[in-house]
Amino acid sequence: MAERPEDLNLPNAVITRIIKEALPDGVNISKEARSAISRAASVFVLYATSCANNFAMKGKRKTLNAGDVLSAMEEMEFQRFVAPLKESLEVYRREQKGKKEARKDKDKKADSEEQDKSREEENDDDDERMEEEEQNDEEEVDN
């Protein structure tokens, strides 16, 4: 848990970036307004987290999941955000699935290359052994 109330605030750089992206070009925001938005955002996150935690506790879980957050949004009367959040969640899950599959493919390729390299090394070892045996056979014939 946070020791000081300021520890619960979102980073100013993040808030500033979000505000700049939301405002049209040429519109400025005072430091005081930026601070107020930052505090409001922090309070919103804390409230949403608390509500989501209540749903997790009802489910006898210690881990909050996306369903808990969506249920919390509805409980907080932010129903109009539920559909866009679900869409964002689906996009996120597809991206994660794609990354996971790409990692699997990469691992399979690396394993395949490693096996090929191992086979090449075995073949090289076999070739060296055969050359040594041939040399030994030639030496025995010469003797």
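Just so it is clear, the structure is predicted and the values come from calculations on it, not from any experiment. (Residues numbered from 1 in each chain as written. Predicted model: local features only at pLDDT ≥ 70, side-chain atom pairs only at ≥ 80, totals over all residues. Heavy atoms only, no water.)

1. Quick look at the pattern of salt bridges
Turning to step 1, where the next piece is worked out: Enumeration over the complete set of coordinates arrives at three salt bridges.
Turning to step 2, where the next piece is worked out: Of the charged contacts, one joins R61 and D68 as a salt bridge, the two residues approaching to 2.8 Å between their closest N and O atoms.
Turning to step 3, where the next piece is worked out: The class for R61 is partly exposed, based on a relative accessible area of 31%.
Turning to step 4, where the next piece is worked out: Note that E90 and R93 form a salt bridge whose closest N and O atoms lie 3.6 Å from each other. Taken together, the residues E90 and R93, both in helix 4 (residues 79–142) and three residues apart, mark about one turn of the helix.
Turning to step 5, where the next piece is worked out: Look at R93 and you get partly exposed, because its relative accessible area is 44%. (Salt bridge = Lys/Arg side-chain N within 4 Å of Asp/Glu carboxyl O. Buried < 20%, exposed > 50% of the residue type's maximum accessible area, 1.4 Å probe, protein only. Helix = DSSP H or I, 4+ residues; strand = E, 2+ residues; numbered from the N terminus.)

2. Some details on the packing of aromatic side chains
Turning to step 1, where the next piece is worked out: The tally for this structure, following the rule as stated, stands at two aromatic pairs.
Turning to step 2, where the next piece is worked out: Here F44 and F78 contribute two aromatic rings whose centre-to-centre distance is 5.4 Å and whose plane-to-plane angle is 85°, an arrangement assigned as edge-to-face. Linking F44 in helix 2 (residues 31–58) with F78 in the loop between helix 3 (66–75) and helix 4, this pair joins segments that are 34 residues apart in sequence.
Turning to step 3, where the next piece is worked out: Overall, the relative accessible area of 29% leaves F78 in the partly exposed class.
Turning to step 4, where the next piece is worked out: Here F78 and F81 contribute two aromatic rings whose centre-to-centre distance is 5.7 Å and whose plane-to-plane angle is 45°, an arrangement assigned as tilted.
Turning to step 5, where the next piece is worked out: On the basis of relative accessibility, which here comes to 34%, the residue F81 falls in the partly exposed class.
Turning to step 6, where the next piece is worked out: Members of the aromatic cluster, joined through ring pairs, are F44, F78 and F81. (Phe/Tyr/Trp six-rings, centres within 6.5 Å; stacked < 30°, edge-to-face > 60°.)

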